[in-house]
Amino acid sequence: MEQQPHILLLPFPAQGHIKPLLSLAELLCHAGLHVTFLNTDHNHHCLTHLQPLSAHFPTLHFDSISDGLPTDHPRNIQFMRDILFSVKSVTKLRFRDLLADLSTKSERPVTCVIADSIMSFAIDIAKELGVRVMTFWALSPCSLWSFLCFPKLIEEGQLPVGDDDMDRMVRGVPGMEDLLRRRDLPGLYRLKLDDPFFISIIEDIMAMTRTSALIFNTFDNLEDPTISHIASLFSRIYTIGPLTTLLTSRIEHDVSRSLSSFNNLCEADRSCMTWLDSQSLRSVVYVSFGSTGLMTRGQLLEFWHGMVNSGKPFLWVVRRDGIEGAEGEHPIPEELQEGTKERGFLVDWAPQEEVLAHQAVGGFLTHNGWNSTLEGIVSGVPMVCWPTIADHQINSRLVSEVWRIGLDMKDTCDRSTIEMMIRAVMEERREEMMKSMDRIVKLAHDCVDQGGSSYHNLDKLIEDIKQV
Ligand code: UDX
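In terms of helices and strands, the protein carries 20 helices and 13 strands. Taken over the C-alpha trace, the protein has a radius of gyration of 22 Å; the compact-globule value for 468 residues is 23 Å, and the two agree within 12%. Dimensions of the protein along its principal axes, counting C-alpha atoms only, are 70 × 50 × 50 Å. With 468 residues in all, the protein has 49% of them scored as buried. Considering only contacts within the protein whose residues lie at least 6 apart along the sequence, 70% involve residues at least 24 apart.

Around the ligand, the surrounding shell holds 25 residues, and the nearest of these are Gly16, Gly290, Gly369, Trp370 and Ser372. Looking at the shell around the ligand, the elements that each hand over two or more residues are helix H1 (15-30), helix H15 (352-357) and helix H16 (370-379). A class-by-class count of the residues in the shell around the ligand yields eight nonpolar, 13 polar and four charged. Viewed by domain, the shell around the ligand spans two of them, domain 1 (6-262 + 449-466) and domain 2 (266-445), each represented by three or more residues.

Glancing now at the nonpolar core. By size, the foremost hydrophobic cluster in this structure holds 125 residues, and its most contacted members are Leu9, Ala25, Val113, Ala122 and Leu315. Sort the elements by how many residues they give to this core and H1 lands first, with eight residues. Here this core spans two domains, and each of domain 1 (6-262 + 449-466) and domain 2 (266-445) adds at least three residues to it. Sequence-distant contacts of Val113, defined by excluding residues within four places in its chain, comprise Leu8, Leu10, Ala122, Ala126, Val131 and Val133.

Of all six residues making up strand S11 (residues 361-366), six are buried, and the element is well covered by its neighbours. Relative to strand S12 (residues 383-385), S11 runs parallel, the two being bridged by three bridges. Following the sheet pairing, Phe364 is matched in S12 by Met383. With H16 bridging S11 and its parallel neighbour S12, the resulting β-α-β unit is right-handed.

Interfaces are often described in size by the accessible area the parts lose on coming together. Under the domain assignment used here, the protein contains domain 1 (6-262 + 449-466) and domain 2 (266-445). Relative to domain 2, the C-alpha centre of domain 1 lies at a distance of 25 Å. Tallying the contact residues gives 34 residues for domain 1 and 29 residues for domain 2. Of all the secondary structure elements, the ones that give two or more residues to the side of domain 1 that touches domain 2 are H1, helix H6 (141-148) and helix H10 (243-250). Counting residues per element, the side of domain 1 that touches domain 2 draws most heavily on H1, which supplies four residues. Residue composition of the side of domain 1 that touches domain 2, by class: 15 nonpolar, 15 polar and four charged.

This paragraph deals with H16. Within H16, 10 of the 10 residues are buried, which leaves it mostly tucked inside the rest of the structure. Among the residues trailing H16, Gly380 stands out with phi positive, at a value near 65°.

This next bit is on unusual backbone geometry. Look at the link from Leu159 to Pro160: it is a cis peptide, with omega at -10°. You can see Pro160 is positioned in the loop between helix H7 (150-155) and helix H8 (196-208). For the bond from Gly241 to Pro242, the omega torsion is -10°, close enough to zero to count as cis. The backbone of Asp165 sits at a positive phi, close to 55°, despite the residue not being glycine.

So, on to helix H19 (residues 430-448). Under the 1.5 Å per step criterion, the end-to-end length of H19 is 26 Å for 19 residues, consistent within 8% with the ideal 27 Å. Residues of H19 that are buried: Met433, Met437, Ala444, Cys447 and Val448. Elements in contact with the buried residues of H19: H10, H16, strand S13 (406-408), helix H18 (415-428) and helix H20 (453-466).

The rules behind each value
Residues numbered from 1 in each chain as written. Predicted model: local features only at pLDDT ≥ 70, side-chain atom pairs only at ≥ 80, totals over all residues. Helix = DSSP H or I, 4+ residues; strand = E, 2+ residues; numbered from the N terminus. Rg over C-alpha atoms; globule rule 2.2 N^0.38 Å. Buried ≥ 20, exposed ≤ 12 C-beta atoms within 10 Å, placed from the backbone. Contact = placed C-beta atoms within 7 Å. Near = placed C-beta within 6 Å. Nonpolar A, V, L, I, M, F, W, Y, C, P; charged D, E, K, R; others polar. Domains from an automatic or database assignment. Core = buried A, V, L, I, M, F, W, Y, C linked by C-beta atoms within 7 Å. Pairing = 2+ DSSP bridges. Right-handed = clockwise from strand over helix to strand, strands pointing away. Expected span 1.5 Å × (residues − 1).

Okay, structure coming up:
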């Protein structure tokens, strides 16, 4: 009997990784494929609101596996190390048993695993069990390229990136010789070379080359030279982004919009949409540092004063777990909020894509997580960048110096710079940035339309998956 494709998707258990992979799951199901989406037990419980997705996609199934941490163990960014190491020991062992069952005993055996690159243990397990495996890189392609050049960077004496000599140019990332300063290398390179976290991620990256295909949430023309460099190391590459925009293109707009709102671990406070409705065209700055951003109280107050002094209305996502030492209480003192309630709207979690698409939003103060960067691009909202970890530092460099759609304030955090950059993006330099932005927005939308490269590459990926 002919084997029907059944794909097991394995995200790294964090918002920025789950969301794009869930969009891919929906796209595969929309094409009639069977998908099992494997969350950790903890996230599975946070995502109970996913039920309507299963109703919309009858071939989408959710399963869960332990992340190895006690139920009450915190799972925010401050505990990312605990999660990473626990997943790579406990989850790894359970995954072997689960995949062995799903690929042999199940009615519809799993024929292909698509694993987040940080879950690289799945690569060898799948291969050992004779199941095809592909890898999904949830970050920016330019960050991957800089990681693949790791030996050259060591040779060049650039690593680890410390506090000194941060403006020295980096030569070891071919194609980016005139672009990158040490401070623009991904945040991971700021760790010591013998830091187990660093070693673990580099091992994951090396493991990726053992898979049959690499999938990127990006679109052609955005980073072509980088993609060509990476392509020389992988047998097949699929650029199928921006995934949430591709979802909108393939599935009726209103349906896909409500579907993508399910792809979040947190429930959004929608009251900010009503507030946005009352603001004038392109007047508001949306401030969000993603699901993992972490800042001190001092930094938070600099942002607060910078925003207030800019004179612009702002909508700000202030996550309680995103401020060091703000246990329980509201991190912005009541007396500061008093005078600005009309102009500054605060939420714990926003429906970000909808916010960025709202006509009142004219600027985005962001940490440049890859999802946020793509979402800013798709909505044509110029950015002020405050990168913190992961790929953010290199993404913000591209935003400001290559795509020219924003300003980069990395490694500074003072109220006058914030005020100055907000004013520049919203007024003084807006016109020039919008010219570059309009070009990139068009590229992004053309790629996901029928006949566009991401649209076409998704079809090729589906054909590839079907080659059981
Ligand atoms: C992390 C890394 O930082 C990022 O660089 C990597 O590419 C993926 O994992 P995160 O820091 O959370 O992710 O940032 P980002 O990639 O921007 O993802 C955050 C997601 O949460 C975005 O899709 C955004 O739309 C969503 N979000 C964020 C909301 O829906 N509401 C919010 O209030 C804040």
